[in-house]
Amino acid sequence: MASRAISDLHPQLQPLAESFLRRCRDQGLDPLILCTWRSAEEQEALYQLGRDKPGAIATDARPGQSAHNAMLYGSPAARAFDAMPLLAGKPVTDPEHPHWHAMGEIAEALGLRWHGRSASQPHELPHFQLPMET
């Protein structure tokens, strides 16, 4: 099962993730960390969705290509986390909801890359990661 533990993030990302959560809460947002690190097997299972398994395509990243399983980066820890806003304890699934944009702005102010920007490829609202040069 994929991890949601901040301790499984790259050491440079851990304090940024903590600050992200704190700043979100300070602005009245309720963020939920969905995933930090995932194994190669979990990444492959996600990759197969919409391909060899029923469902919508969830990712274009194969094992080792995702910042969630840092084999590509030579690090034993994830360089990204997925998070989504909650409203009254329920996930906000509307991509136009302002809480998504507020979370993205908080992450970017911390120096993180938010894949929810319309120009981001791949476009993934819940994905926040360390810049590649870090």
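Cut-off values and rules
- Residues numbered from 1 in each chain as written.
- Predicted model: local features only at pLDDT ≥ 70, side-chain atom pairs only at ≥ 80, totals over all residues.
- Heavy atoms only, no water.
- Buried < 20%, exposed > 50% of the residue type's maximum accessible area, 1.4 Å probe, protein only.
- Helix = DSSP H or I, 4+ residues; strand = E, 2+ residues; numbered from the N terminus.
- Contact = heavy atoms within 4.5 Å.
- Salt bridge = Lys/Arg side-chain N within 4 Å of Asp/Glu carboxyl O.
- Disulfide = S-S within 2.5 Å.
- Polar contact = N/O pair within 3.5 Å; in protein donor to acceptor, adjacent residues only side chain to side chain.
- Pairing = 2+ DSSP bridges.

Undergrad: Just checking my understanding: could you explain helix 2 (residues 40-48) for this structure?
TA: At 3.6 residues per turn, the α-helix brings residues three or four places apart onto the same side. Along helix 2, the residues classified as buried are Glu42, Gln43, Tyr47 and Gln48. Immediately downstream of helix 2, the backbone of Gly50 shows phi near 80°, a positive value.

Undergrad: Any chance you could explain the environment of Ala17 here in plain terms?
TA: Structurally, Ala17 is set in helix 1 (residues 13-26). In contact with Ala17, other than residues within four places in its own chain, are Ile6, Leu9 and Phe81.

Undergrad: I keep staring at the pattern of salt bridges and nothing clicks. Help me out?
TA: If the charged atoms of two oppositely charged side chains come close together, the side chains can form a pair. The full count for this structure, using the stated rule, is 4 salt bridges. The partner of Arg51 in a salt bridge is Asp60, and the shortest N-O contact between them spans 2.9 Å. Among the residues examined, Arg51 registers a relative accessible area of 31% and is labelled partly exposed. Given the relative accessible area of 58%, Asp60 is considered exposed. Its salt-bridge partner being Glu108, residue Arg117 comes within 2.6 Å of it at the nearest N-O pair. Residue Arg117 is classed as partly exposed on the basis of its relative accessible area of 31%.

Undergrad: I tried to follow the state of the cysteines on my own but got confused; where do I start?
TA: Put plainly, two cysteines are in a disulfide when a covalent bond ties their sulfur atoms together. Tallied over the full model, the rule gives 0 disulfides. Unpaired in this structure, Cys35 has its nearest cysteine sulfur neighbour in Cys24, at a distance of 17 Å. Note on Cys35: relative accessible area 5%, which makes it buried.

Undergrad: Looking at this model, I keep getting lost on the side chain of Ser39. Mind explaining?
TA: With respect to the element layout, Ser39 can be found in the loop between strand 1 (30-35) and helix 2. For Ser39, a relative accessible area of 13% puts it in the buried group. In this structure the side chain of Ser39 is engaged in a polar contact, spanning 3.3 Å, whose partner is the side chain of Glu41.

Undergrad: Any chance you could explain the pairing of strand 2 (residues 80-87) here in plain terms?
TA: In summary, the side chains of a regular strand alternate between the two faces of the sheet. Extensive coverage of strand 2 is indicated by the burial of 7 of its 8 residues. Bridge analysis of strand 1 against strand 2 gives 5 bridges, and the strand direction is antiparallel. Its bridge partner lying in strand 2, Ile33 is registered against Ala83. Two strands pair when backbone bridges link them, and strand 2 and strand 5 (residues 127-129) are joined in this way by 3 bridges, in the antiparallel orientation. Across the sheet, the residue bridging to Asp82 is His127, located in strand 5.

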